[in-house]
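Single-letter residue listing:
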Amino acid sequence: FSHPGTSRSPKEPNVRPIYTPTRPAGGFTNNFAERQIRPAVILRKNSQSNRSNRGAVTQAVLMSSYRTLRLRGHDPLQTITAALRTYLQPGHLPPLPAPGTANG
């Protein structure tokens, strides 16, 4: 099959491929996400798993909050403690803090 517009020879600079894949900012793998959940997986393995669905959900929420706060540059223990203190007063949790510059 030969057609003048289908040649991909580097000698013809005006010919472009039909589709050029672009690489997303995070890459084509989920390596970053896998590394983020690894500490929770190790913790669950070392404690012989969760004993109930409620325990599994509790651990998932706590680990998700912990990792999110770390990624945003906050100290998770201090932030969660402060949120629980706030919760005890008016009865509702404050929103997550904005990304910070602190080393968490």
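Parameters at a glance
- Residues numbered from 1 in each chain as written.
- Predicted model: local features only at pLDDT ≥ 70, side-chain atom pairs only at ≥ 80, totals over all residues.
- Heavy atoms only, no water.
- Helix = DSSP H or I, 4+ residues; strand = E, 2+ residues; numbered from the N terminus.
- Buried < 20%, exposed > 50% of the residue type's maximum accessible area, 1.4 Å probe, protein only.
- Contact = heavy atoms within 4.5 Å.
- Areas by Shrake-Rupley, 256 points an atom, 1.4 Å probe, with all protein chains shown as cover.
- pLDDT = per-residue confidence, 0-100.
- Expected span 1.5 Å × (residues − 1).
- Bend = angle between axes of the 7 residues up to and from the residue.
- Patch = residues over 30% accessible without salt bridge, like charges linked within 9 Å, V, L, I, M, F, W, Y side chains within 5 Å.
- Salt bridge = Lys/Arg side-chain N within 4 Å of Asp/Glu carboxyl O.
- Axes fitted to C-alpha atoms, helices over the stretch in contact; angles between N-to-C directions.
- Left-handed = near helix turned anticlockwise from the far one by under 90°.
- Nonpolar A, V, L, I, M, F, W, Y, C, P; charged D, E, K, R; others polar.

A separate point is the overall build of the protein. Helix and strand content of the protein: 3 helices and 0 strands. Of the regular secondary structure in the protein, the N- to C-terminal order runs α-α-α. Among the 104 residues that make up the protein, the fraction classed as buried is 10%. Taking the intrachain contacts of the protein between residues at least 6 apart in sequence as the baseline, contacts between residues at least 24 apart amount to 48%. Per element, the accessible surface of the protein, about 9,200 Å² overall, is 57% carbon and sulfur.

On average, residues of the protein score 76 in pLDDT, and 70% of them are at 70 or above. Of all helices and strands in the protein, the one with the weakest mean pLDDT is helix α1 (residues 31-46) (82), whereas helix α3 (residues 76-88) scores best (87).

It is worth spelling out α1 at this point. The first and last C-alpha atoms of α1 sit 22 Å apart over 16 residues, in line with the 22 Å expected at 1.5 Å per residue. Most pronounced at Arg38, the bend in α1 amounts to some 35°, and the proline Pro39 follows within four residues. Among the residues trailing α1, Gln48 stands out with phi positive, at a value near 60°.

Following the sequence through the fold, Gly73 ends up in the loop between α2 (53-71) and α3. Residue classification places Gly73 among the buried positions, given a relative accessible area of 8%. Between the C-alpha atoms of Gly73 and Pro97, which are 24 residues apart in sequence, the distance is 9.8 Å.

It is worth spelling out a nonpolar patch on the surface at this point. A cluster of nonpolar side chains, Leu84, Tyr87, Leu88 and Leu93, forms an exposed patch at the surface whose accessible area comes to about 440 Å². Mapping Tyr87 onto the fold places it in helix α3. Residue classification places Tyr87 among the partly exposed residues on the basis of a relative accessible area of 40%.

Looking at the element boundaries, Ser64 is found in helix α2. Considered as a pair, Ser64 and Gln36 are 28 residues apart in the sequence and their alpha carbons are 9.4 Å apart.

Running from N to C, α2 and α3 point in directions that differ by 115°, and their axes come no closer than 9 Å. The hand of the α2/α3 crossing is right-handed. Seen from α2, the contacting residues are Tyr66, Leu69 and Arg70; seen from α3, they are Pro76, Thr79 and Ile80. Counted by class, the contact of α2 with α3 contains 4 nonpolar, 1 polar and 1 charged residues.

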